[in-house]
Each structure stands twice: as C-alpha cells, then as structure tokens.
Amino acid sequence: MSDQHSFETLAIHAGNTADPLTGAVVPPIYQVSTYKQDGVGGLRGGYEYSRSANPTRTALEENLAALEGGRRGLAFASGLAAEDCLLRTLLTPGDHVVIPNDAYGGTFRLFAKVAARWGVEFSVADTSDVAAVRAAITPRTKAVWVETPSNPLLGITDIAAVAQVAHQAGARLVVDNTFASPYLQQPLSLGADVIVHSTTKYMGGHSDVVGGALVVSDPELAEELAFHQNAMGAVSGPFDAWLVLRGIKTLAVRMDRHTENATKVTELLTRHPKVSQVLYPGLPEHPGHEVAAKQMKAFGGMVSFRVNGGEEAAVEVCNRAKLFTLGESLGGVESLIEHPGRMTHASVAGSLLEVPADLVRLSVGIENGDDLLADLTQALG
C-alpha cells in the first residue's frame, strides 16, 4: 500500500490485503499457535509460532507503521507492555530518563516501582518548557519521554524543539501519542524516535480491547525492539489485533466527531460559574495552544476541568453524571468521566506528578453533542 495515499485511505487499506484463499476483504483472525513448515527451517511466509509472528498481528503492525509514517510497527498486549519492552530495549542499569511532570499514572508507576528497582534513574521535568528539559538531561540520559497532549492536564510539548534538545544530548525522544492518535499528530515527522500508543484508546475506539503499540523509523532500533518483543512475549493476541485493526478503519471520522463535541463541551464549561479552569489545547488561552495548532490537525476529544469547591465537589460531579459514564480509560465512542486523583492517577499521589484534587477528566464521545451538554449541566448542578 503506497504511503502517498491519504490518511483515511491508509487507515482502511494499509495491511488489509484481501485473503488470497477466499478473497475475504477483512484479514482473517488467525487464531493459531503454530504453523506447518515446508521442511525443517522452511517457514511458510515467515511464520513458525504466533508469539514470534501472526498474520493478523502483522496486518495491524503494517497498518500502524503506515499511519504514523514509520518503518515498523509492533503490537503488544497493552500500552504498558509496549512501554516495558521499549525501556528494556533502550536502557541498562545506571541509565537515566527524563519523564514529564504530567503523565499517565501507569507510566510513572512503571518507572518508579519497576524500572527504578532495575537501576534505571529518572528525573521529572515540565516538558512544555524546553529549557526545563535541557536542564534535566544528564550525561547518562538515554531517552526523553513526553506525552502531548498530556494525561490528565492536557499539557502540550513542542515535539520538534524537544527532539532537537534530546538529540543534541545523544538521547532518543519517545512520544506517547495516545491522546492525539496519528490522525491528529505524527511525531516521527517532527523528529521523534519512538511513538508509543495504548491502542486500547482511540485506535481501538470501542472500549472492547486492550492493546499497545510502538512505531519507529530507525531499522536497527526496529530489529532490537522486535527481538525483545519476541523474547519477552507480551504480544497482541490475534483477536485483539483484529479488533484494533477494525477500530482504526473509522479513526478519522471518529476523531472529527470527538473534536467537534469536545469543542462544544469546552464552550459550556468556560461559561459555567462552578468551573474554575478548563484545560483544553483548543482554547486560545491555553499556554500550549499555538504549539498544538502548529503540530496537530485538531485538538482532540479529551477535556479536563477544575471545580469550585475542591475535591468533594469534583467527586460529586462525577457521581451525578448519567450519560457520561463514570469509568477509567478513554477514547471510546461513549463519553467517560473520572476523578484522576482517586482513579487513573492515584499512583502518583505524593509525587511531583500529583494532580489537583479538584480535577475532573472527560473523554468526550461521539454521542449527540446537545445530549452531552445537558448531562454536564445537570451534573454540575
């Protein structure tokens, strides 16, 4: 599939070749563990064992690489499995990583509770401040890790500027592109070395699958990651890969609707007397608005806001919502609401990544926008 095609066309066709036996237009679910070989060492199509490779997963990995403009995509059992594989590929004991002061709680937990015990050190920096990133880099820094937009405060990092700083120090830039998706942002084209996804979120899009992915352009790094993926074994199962591949086909149209609805939600929230602050990069007053407008096609479907009245008031808003489902995760067709401090980011309590207690995070779905506004209005009281 030519990478000269538009994103929408690649999303539907890249990796999705018709089945050669039946002509089925959707790649089959190869629910198989092993493969008949054409003689000892004679692998048919390169397949021998589904931890090493599976045709359904191959289809997804080819699709991911095409959408992100990378050389190779790798699909994992979860976003954290992808991150773990990346850390153990890039780092050895004594190495150092710069991580953001606003990041997914599970990512922080992986660094603080798992990688740190292995001898990997990390420093926390405000990655929206290029000077702060530069100051946090040490002679042992092997990677700079960013989320943009970030989770849950919707911070924006200038990918091209931070890539330059990282590369000057001999470090790689890792970008978690989960919130934006490749439809809205393509970090490799801006200088990133590795893209991380929780494909559970917008890529899958239907809250029915857990998965993760890495996408890279460097062929040597791609081979190293593929070796570790096979050696460690936390790969995407064929049915999970098929579900993500199915979800990606509608990614573009879903992201357009997510963004449209999120814009309506922010307009309501910015006018509401019980809301003290709205965090959304599409707002002109957002400190990262100009950078986001430069490196993103649109501003996405994630909105966070702070509530007058503190933590208990924020929790009450979450509890009163009806159409917005109280739940963790994000990026599905249905709208979700959560209290990060007590839910997705409880693991960062007491750290430099601790989130405000009065914060509410929304994953704005693709329902009727007026219905969503009505639900938020009643939830805010």
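An unreviewed UniProt entry lists the protein under the name Cystathionine gamma-synthase, with Streptomyces microflavus given as the organism. Heading Sequence similarities (unreviewed entry) of the UniProt record for the protein holds this comment: "Belongs to the trans-sulfuration enzymes family."

Visitor: Would you mind going over the UniProt feature "modified residue: N6-(pyridoxal phosphate)lysine" (unreviewed entry) in the protein with me for this structure?
Guide: In this structure's numbering, the residues bearing the UniProt feature "modified residue: N6-(pyridoxal phosphate)lysine" (unreviewed entry) are K201. K201 has contacts with T178, S329, L330 and G331, leaving out every residue within four places of it along the chain. Among the polar contacts made by the side chain of K201, one reaches the side chain of S198 at a distance of 2.8 Å.

Visitor: Help me understand the sheet that holds strand β10 (residues 325-326) in this model?
Guide: Backbone-to-backbone hydrogen bonds join strands into a sheet, with any given pair of strands oriented parallel or antiparallel. The mixed open sheet is built from five strands, whose spatial order is β8-β9-β12-β11-β10. On the outer flanks of this sheet lie β8 (275-279) and β10, each paired with one strand and no other. Strand direction decides the pairing type here: β8 and strand β9 (residues 302-307), joined by four bridges, are antiparallel. Bridging from a neighbouring strand, V275 pairs with V307 of β9. With respect to the sheet, helix α12 (residues 310-320) is in contact with β9, β10, β11 (336-338) and β12 (359-363), its orientation differing from that of β9 by roughly 135°.

Visitor: What is the right way to look at the pattern of salt bridges in this model?
Guide: A side chain of one charge can pair with a side chain of the opposite charge when the charged atoms of the two come close. Here the structure, examined in full by the defined rule, presents 15 salt bridges. For D218, the salt bridge is made with R172, and the minimal N-O distance between the two is 3.6 Å. Here D218 is found in the loop between β7 (212-216) and α8 (219-232), whereas its partner R172 is found in strand β5 (residues 172-176), with 46 residues between them in sequence. With a relative accessible area of 31%, D218 lands in the partly exposed category. For R342, the salt bridge identified is with E312, shortest N-O distance 2.8 Å. Of this pair, R342 sits in the loop between β11 and β12 while E312 sits in helix α12, placing them 30 residues apart in sequence. With relative accessibility at 47%, the residue E312 sits in the partly exposed group. Linked through salt bridges whose partners overlap, the residues forming this network are E311, E312 and R342.

Visitor: What's the story with the packing of helix α3 (residues 79-90) against α8 in this structure? I'm lost.
Guide: The relative placement of two packed helices is expressed as an angle between their axes plus a distance between the axes. Interhelical geometry of α3 versus α8 gives an angle of 120° and a closest axis separation of 9 Å. With respect to α8, the axis of α3 lies oblique. Crossing hand, α3 versus α8: right-handed. The residues of α8 that touch α3, namely those facing D84, C85, L86, R88, T89 and L90, are L221, E224, L225, H228, Q229 and M232.

Visitor: Whenever I open this one, helix α9 (residues 238-248) confuses me. Can you help?
Guide: Since one α-helical turn is 3.6 residues long, residues separated by three or four positions face the same way. Buried within α9 we find P238, A241, L243, V244, L245, G247 and I248. Buried residues belonging to α9 abut α1 (7-13), α2 (55-68) and α10 (251-271).

Visitor: Please clarify how the nonpolar core should be interpreted in this entry.
Guide: Soluble globular proteins tend to bury their nonpolar side chains together. Counting residues in each nonpolar core, the largest one holds 63 residues, and the members touching the most others are L269, F305 and L362. No other element matches the seven residues that α10 contributes to this core. Here this core gathers at least three residues from each of two domains, domain 1 (5-244) and domain 2 (251-378). Filtering out sequence-adjacent residues up to four positions away, L269 remains in contact with V275, V278, V303, F305, L362 and L380.

Visitor: What is the right way to look at the packing of aromatic side chains in this model?
Guide: Where two aromatic rings form a pair, the distance of their centres and the angle of their planes describe that pair. The full count for this structure, using the stated rule, is seven aromatic pairs. Their ring planes at 70° and their centres at 6.5 Å tell us that Y280 and F299 sit as a pair that is edge-to-face. Taken together, the residues span a long stretch of sequence, with Y280 in the loop between β8 and α11 (289-295) and F299 in the loop between α11 and β9 at a distance of 19 residues. Members of the aromatic cluster, each reached through a chain of ring pairs, are F108, F111, F122 and W145.

Analysis parameters
- Residues numbered from 1 in each chain as written.
- Predicted model: local features only at pLDDT ≥ 70, side-chain atom pairs only at ≥ 80, totals over all residues.
- Heavy atoms only, no water.
- UniProt positions renumbered as here; feature names shortened; annotations may be inferred.
- Contact = heavy atoms within 4.5 Å.
- Polar contact = N/O pair within 3.5 Å; in protein donor to acceptor, adjacent residues only side chain to side chain.
- Pairing = 2+ DSSP bridges.
- Helix = DSSP H or I, 4+ residues; strand = E, 2+ residues; numbered from the N terminus.
- Axes fitted to C-alpha atoms, helices over the stretch in contact; angles between N-to-C directions.
- Salt bridge = Lys/Arg side-chain N within 4 Å of Asp/Glu carboxyl O.
- Buried < 20%, exposed > 50% of the residue type's maximum accessible area, 1.4 Å probe, protein only.
- Parallel < 35°, antiparallel > 145°, perpendicular 65-115°, else oblique.
- Left-handed = near helix turned anticlockwise from the far one by under 90°.
- Core = buried A, V, L, I, M, F, W, Y, C linked by side-chain atoms within 4.5 Å.
- Domains from an automatic or database assignment.
- Phe/Tyr/Trp six-rings, centres within 6.5 Å; stacked < 30°, edge-to-face > 60°.

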